[in-house]
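Observations on the three-dimensional arrangement
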Amino acid sequence: MEPTSPAPSNAEPTDASLHSRVSLLGRAFFFSRERPAEVEAFKKQFASLIWFSYRRGFPRIGSTSYQSDSGWGCMLRCGQMILANALLRAQSYPGSNIDVLREQIIVNFTDIPESPFSIQQIAMRGSIVDKPIGAWFGPNAAAQVIKSLVQDSPETKLVVHVAMDGCLATASVEDALAKGPPSWPLLLLVPLRLGLQNLNPEYFPMLLDMLQLPHSIGAVGGRPNAAHYFVGTQDEDLIYLDPHVTQPAAPPGQLLQTYSCTTPYRMRLAQVDPSLCLGFLCSSVEDWQALAARLKEMCSSSPRLFDVVEHPPHLDDADDFTMTDDDDDGFAVVG
């Protein structure tokens, strides 16, 4: 039986009976009773997304006794989701067998040490951001670890760039693209802090607009004490996948249905923690240039989510992060 993500006590299911504008990873839908095909198309696309959740009973992480990430690994699972779904889009072409493609991608995330993006690899790579195994990650730490693991896995044929300190330097992105073959897609991650204790309401409209861009691959963030993968919008709410269900470890190639969720939930923007990381996927250099132009236009006036400049404001490489993990401290991910 296919598991579904359990609803938090204050979660609301996405309501397909409402007349509402909906987006899912940048694709627009319009829900209404008069357009049932739109609702069915949304449900089909949502169910095709790759969902990761807590697991138990997997091989130990390094030399520790951890065989489950329940209670501490929710942001690690959200990092897996934004990367896996970026790969799913990047490798999808007209006529692709989505089920076969999902299986090929998921095998690289299964919870065994040999998988390049397994919970073991992510937890151990946390050392680059001073995160011991079993510690919670914030969105910034998750972005840095994703980049590091992808760099060590050229078979993914993906370039990852992390724009730090609320500044997207286009020249730095182009330098990163130049290091790989021109056919490799770009996953752009933008960690942000949009408020002190709460998400500043001034940012609500632009955050929704960015999640509705065709290049959007969602965002990792959540509410205080819980990480979620935001995959879309419904009017002024966010639609998300929730990693907070503990499943048995799945052997590679088996139980693939446990990597799907058919129940989308939505969250009020006022409930969202101010620390989050936006993701965008560009299929080519030209696609990146189009996104850069759009982001520059969107961020040309206040209140803006981040700055878009040509060159980094410091002499050091802007992709060498200076945003410390203290900036994630407001995101107290404990379960």
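Position labels on residues start from 1 in each chain and follow its written sequence. Under the rules for a predicted model, residues below a pLDDT of 70 receive no local features and side-chain atom pairs below 80 are neither given nor counted, while totals for whole chains, interfaces and linings still include all residues. Only heavy atoms go into the side-chain values, all of them from the structure, while hydrogens and water stay out.

**Re helix α7 (residues 204-211)**
- Among the eight residues that make up α7, six are buried, leaving the element largely enclosed by the rest of the structure.
- Among all positions of α7, only F204, M206, L207, L208, M210 and L211 are buried.
- We call two residues in contact whenever any of their non-hydrogen atoms come within 4.5 Å of each other. Helix numbers and strand numbers start at the N terminus; a helix is a DSSP run of H or I with at least 4 residues, a strand a run of E with at least 2. Here the buried face of α7 lies against β2 (20-24), β8 (216-223), β9 (226-234), β10 (237-241), β13 (275-282) and α8 (285-298). In this scheme, a residue with accessible area under 20% of its type's maximum is buried, one over 50% is exposed, and one in between is partly exposed, where area comes from a 1.4 Å probe on protein chains only.

**Let's talk about helix α2 (residues 74-90)**
- To estimate the expected span of a helix, subtract one from its residue number and multiply by 1.5 Å. Across its 17 residues, α2 extends 24 Å between first and last C-alpha, which sits within 8% of the 24 Å expected from 1.5 Å per residue.
- Most of α2 sits inside the fold, with 16 of its 17 residues counted as buried.

**Focus on the state of the cysteines**
- To count as a disulfide, a pair of cysteine sulfur atoms needs to be within 2.5 Å. Under the criterion given, the structure shown has zero disulfides.
- Unpaired in terms of disulfides, C74 finds its nearest cysteine sulfur in C78, a separation of 6.4 Å.
- A relative accessible area of 0% means that C74 is categorised as buried.

**Notes on unusual backbone geometry**
- Residue S302 is joined to P303 through a cis peptide bond whose omega torsion reads -5 degrees.
- Along the chain, P303 falls in the loop between α8 and β14 (307-309).
- The phi torsion at K157 lies on the positive side, around 55 degrees, for a residue other than glycine.
- Mapped onto the secondary structure, K157 falls in the loop between α5 (139-151) and β5 (159-162).

**Brief notes about the pattern of salt bridges**
- Salt bridges are defined by distance alone: a side-chain nitrogen of Lys or Arg within 4 Å of a carboxyl oxygen of Asp or Glu. Counting across every chain of the model gives eight salt bridges.
- In this structure, the salt-bridge partner of E40 is K43, at a minimum N-O distance of 3.8 Å. Remark: K43 and E40 occur in helix α1 (residues 36-48); sequence separation between them is three residues, near one turn of the helix.
- You can call E40 partly exposed: its relative accessible area is 48%.
- Overall, the relative accessible area of 46% leaves K43 in the partly exposed class.
- In this structure, D237 and R268 form a salt bridge, with 2.9 Å as the shortest nitrogen-oxygen distance. Of this pair, D237 sits in strand β10 while R268 sits in strand β12 (residues 265-268), placing them 31 residues apart in sequence.
- Salt bridges sharing partners connect three or more residues here, namely D69, R77 and D111.

**So, the layout of surface pockets**
- Throughout, the protein atoms alone are placed on a 1 Å grid, and a set of points is a cavity if a 1.4 Å probe fits but cannot get out or a pocket if it is open with protein on both sides within 12 Å along at least five of seven lines; lining residues have an atom within 4 Å of a point. Grid points are joined across faces, edges and corners, and a volume is the space filled by probe spheres set on the points. In this structure, the largest pocket encloses a volume near 700 Å³.
- Looking at the largest pocket, it is lined by 29 residues, and the ones nearest its centre are L88, R89, A90, Q91 and S92.
- Elements represented by at least two residues in the lining of the largest pocket include exactly α1, α2 and β13.
- Broken down by element, the lining of the largest pocket gets its largest block of residues, five residues, from α2.
- Gly is placed with the polar residues, together with every amino acid not listed as nonpolar (Ala, Val, Leu, Ile, Met, Phe, Trp, Tyr, Cys and Pro) or charged (Asp, Glu, Lys and Arg). Among the residues making up the lining of the largest pocket, the classes are represented as 14 nonpolar, 10 polar and five charged.

**Digging into empty space enclosed by the protein**
- Applying the stated criterion to the full structure yields two cavities of 30 Å³ or more.
- Considered as a void within the structure, the largest cavity measures approximately 40 Å³ in volume.
- Every residue along the wall of the largest cavity is listed here: G79, Q80, L83, F109, F117, I122, I146 and L149.
- Where the lining of the largest cavity is concerned, the elements lending two or more residues are α2 and α5.

**A short note on the pairing of β10**
- Burial analysis of β10 places five of its five residues in the buried class, which makes it a mostly covered element.
- Of the two faces of β10, the one holding D237, I239 and L241 and the one holding L238 and Y240 are both buried throughout.
- For two strands to be treated as a pair, DSSP must find at least two bridges joining them. Relative to β10, β9 runs antiparallel, the two sharing five bridges. Within the sheet, the bridge partner assigned to T233 lies in β10 and is L238.
- Count of turn residues in the β9/β10 antiparallel hairpin: two residues, of which D235 carries a positive phi of about 55 degrees.
- Here β10 runs beside β12; their pairing, made up of four bridges, is antiparallel. Bridging across to β12, D237 finds its partner in R268.

**Thoughts on the confidence of the model for the chain**
- The predicted model of the chain has a mean per-residue pLDDT of 89, with 87% of residues at 70 or higher.
- Scored between 0 and 100, pLDDT is the confidence that the predictor attaches to each residue. Low pLDDT, under 50, characterises residues 315-324; the stretch is placed with 21 contacts to residues that sit more than four places away or in other chains.
- Low pLDDT (under 50) marks residues 329-335, which in the prediction has 32 contacts with non-local residues, meaning those over four places away or in another chain.

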